[in-house]
Amino acid sequence: MPCSTGQLCGSGPSPISGGGCPRGCWVVLGGIWVQLKVLSSRATVGSTEVSVAVTPDGYADAVRGDRFVMPAERRLPLNHVLDVLEGQARHPGVLYVQKQCSNLPTELPQLLPDLESHVPWASEALGKMPDAVNFWLGEAAAVTSLHKDHYENLYCVVSGEKRFLLHPPSDRPFIPYELYTPATYQLTEEDSFEIVDEEAMEKVPWIPLDPLAPDLARYPSYSQARALCCTVQAGEMLYLPALWFHHVQQSHGCIAVNYWYDMEYDLKYSYFQLLDSLTKASGLD
Ligand SMILES: O=C(O)CCC(=O)C(=O)O
């Protein structure tokens, strides 16, 4: 059973936030108190347009049928996103501000004075600065499907909570991958969604399995995988090591900022590549 092996990190109320943290709160980053006044006032960033992933069901970058489907992307003022989240305005589909590759400095530079540009202890330990600082704000229905990245991920929750389901890289033999034709959701004039193939793109290897409801008849090896679950609350930070598989859910309106440090392509990476190749060669995939 997924998540039967207990908690990876604390899930009690943050000593700082007292369990609740409206817009504007204090978080601890490696022992340093940092005032994150993210969204402390709609006046600061409300009129700023941000990229928003829009999907019919909350799943961006996920397998749907025989396709790997990416979200429709809309540019919306942050105020509008907040209004939709608060039920004051309507927009078709499920919204998630989640454009990666440093959407915080590129799309919301007004917030930069309110947070640290890096996590000092992590930068010291890893011997480098982050490649990207990302801002996340989404509806409860927005879910990130199981995947892994080549980043050391320092994931800070500012408001609300995120629920991570994690697998170590050593679970790779039990986690299925298949090749999918890439496609993108498009919003029609009638506010419905169409799936349009990305003809020019190569097939995408992706994980078809939903760890919350694994199809064990189709993917029996997954029963040997052992998931770890943790809830990261406002004021807390998760260190999610590179190559760990992760599936992410959130509370409604959760705000998070994370720091991606490129991994070292060292022995750890080579071992993972070996395991990956052996898994494919043995037909376990
Ligand atoms: O917060 C999320 O929804 C996903 C985060 C994630 O996948 C990442 O930081 O790599």
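Calculation criteria
- Residues numbered from 1 in each chain as written.
- Predicted model: local features only at pLDDT ≥ 70, side-chain atom pairs only at ≥ 80, totals over all residues.
- Heavy atoms only, no water.
- UniProt positions renumbered as here; feature names shortened; annotations may be inferred.
- Helix = DSSP H or I, 4+ residues; strand = E, 2+ residues; numbered from the N terminus.
- Buried < 20%, exposed > 50% of the residue type's maximum accessible area, 1.4 Å probe, protein only.
- Contact = heavy atoms within 4.5 Å.
- Areas by Shrake-Rupley, 256 points an atom, 1.4 Å probe, with all protein chains shown as cover.
- Pairing = 2+ DSSP bridges.
- Axes fitted to C-alpha atoms, helices over the stretch in contact; angles between N-to-C directions.
- pLDDT = per-residue confidence, 0-100.

Named according to an unreviewed UniProt entry, the protein is Bifunctional peptidase and (3S)-lysyl hydroxylase JMJD7 originating from Neovison vison. The Subunit (unreviewed entry) comment attached to the protein in UniProt states, word for word, "Homodimer; disulfide-linked. Interacts with DRG1 and DRG2." Entered under Cofactor (unreviewed entry) in the UniProt record, the comment concerning the protein runs "Fe(2+)".

Chemist: How do you make sense of the overall build of the protein when you look at a structure like this?
Modeler: The number of helices and strands found in the protein is 5 helices and 19 strands. The 285 residues of the protein split such that 49% are buried. Considering only contacts within the protein whose residues lie at least 6 apart along the sequence, 82% involve residues at least 24 apart. Carbon and sulfur atoms make up 53% of the accessible area of the protein, which totals about 13,100 Å².

Chemist: Looking at this structure, I do not really get the sheet that holds strand β9 (residues 132-138). What am I missing?
Modeler: Two modes of strand pairing occur in sheets, parallel and antiparallel, and in both the strands are linked by backbone hydrogen bonds. Taken in spatial order, the 7 strands of this open sheet run β7-β3-β8-β9-β19-β11-β17, and their pairing is antiparallel. Either end of the sheet is taken by a strand with one partner, and the two such strands are β7 (72-77) and β17 (237-240). Ignoring which end each strand starts from, the neighbouring axes of this sheet average 30° apart. Alignment of β9 against strand β19 (residues 254-262), held across 7 bridges, turns out to be antiparallel. By the bridge assignment for β19, A132 is matched with W260. This element, helix α2 (residues 78-85), spans β3 (49-55), β7, β8 (94-97) and β9 of the sheet and lies at about 105° to β7.

Chemist: Would you mind showing me how to read the confidence of the model for the protein here?
Modeler: Segments scoring low in pLDDT should not have their predicted coordinates read at a detailed level. Across the protein, the average pLDDT comes to 88, with 86% of residues at or above 70. Counting contacts from residues 4-39, a segment whose pLDDT is below 50, to residues more than four positions away or on other chains yields 90 contacts.

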